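Geometric and topological summary
One letter stands for each residue in the lines below.
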Amino acid sequence: MVAGEVKHLASQTAKATDEIAAQIAAIQGATDGAVRDISAIGGIIGQINDISTAIAAAIEEQGAATNEISRNVQEAATGTHQVSGSITEVTLAAGETGAAAGQVMSASGELARQSETLRKEIESFLAEIKAA
């Protein structure tokens, strides 16, 4: 009877050992799967990091381009202001030139009247000399 019980205990121990070995194999399989999954997650995190770096670089380039555009707009505004000032100066100069032209025309008309008066006086003088 003792031998039967020992045999029975040995059989139960063998079954328990097999069950433990099966559970260890299942745990190892699950661990291997977890390692693969963690490795895949690490790869995805690396890809996200690469994408984030690319986005940061693009944002930096966009900021630089925006600053350049802003500087160009400021320069254009300054140039426009200078052109506007020049147009004002040309307009004033044109007005002054027009006024001077008006004065020259007026003086020219006065000179023509004086020439006519002088011609008439000379004709009158010459007529008096001929008559005398």
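You'll find the structure just up there.
Here the structure is a predicted model, which is why all the values come from computation and not from measurement.

The next subject is the overall build of the protein chain. In terms of regular secondary structure, the protein chain is built from one helix and zero strands. Whereas a compact globule of 132 residues would reach a radius of gyration of roughly 14 Å, the protein chain reaches 56 Å, over 25% beyond that. Each of the three principal axes of the protein chain carries a C-alpha extent, and together these read 190 × 15 × 10 Å. Counting all 132 residues of the protein chain, 1% fall into the buried class.

A word on the environment of Val2. Tracing the backbone shows Val2 in helix α1 (residues 2–131). Sequence separation of Val2 and Gly95 is 93 residues, and the distance between their C-alpha atoms is 135 Å.

Attention shifts here to the pattern of salt bridges. In total, this model carries five salt bridges according to the counting rule given. Of the charged contacts, one joins Glu110 and Arg113 as a salt bridge, the two residues approaching to 2.7 Å between their closest N and O atoms. Placement of both Glu110 and Arg113 in helix α1 is noted, with a separation of three residues, approximately one turn of the helix. With relative accessibility at 35%, the residue Glu110 sits in the partly exposed group.

Turning our eyes to something else, we now look at a nonpolar patch on the surface. There is a patch of nonpolar side chains on the surface, built from Leu118, Ile122, Phe125, Leu126 and Ile129 and spanning about 480 Å² of accessible area. Among the structural elements, Ile129 can be located in helix α1. Residue classification places Ile129 among the partly exposed residues on the basis of a relative accessible area of 47%.

This part takes up the environment of Ala76. Secondary-structure assignment places Ala76 in helix α1. Remark: the alpha-carbon pair of Ala76 and Arg119, spanning 43 residues in sequence, is separated by 62 Å.

What counts and what doesn't
- Residues numbered from 1 in each chain as written.
- Predicted model: local features only at pLDDT ≥ 70, side-chain atom pairs only at ≥ 80, totals over all residues.
- Heavy atoms only, no water.
- Helix = DSSP H or I, 4+ residues; strand = E, 2+ residues; numbered from the N terminus.
- Rg over C-alpha atoms; globule rule 2.2 N^0.38 Å.
- Buried < 20%, exposed > 50% of the residue type's maximum accessible area, 1.4 Å probe, protein only.
- Salt bridge = Lys/Arg side-chain N within 4 Å of Asp/Glu carboxyl O.
- Patch = residues over 30% accessible without salt bridge, like charges linked within 9 Å, V, L, I, M, F, W, Y side chains within 5 Å.
- Areas by Shrake-Rupley, 256 points an atom, 1.4 Å probe, with all protein chains shown as cover.

Geometry only, nothing functional implied.
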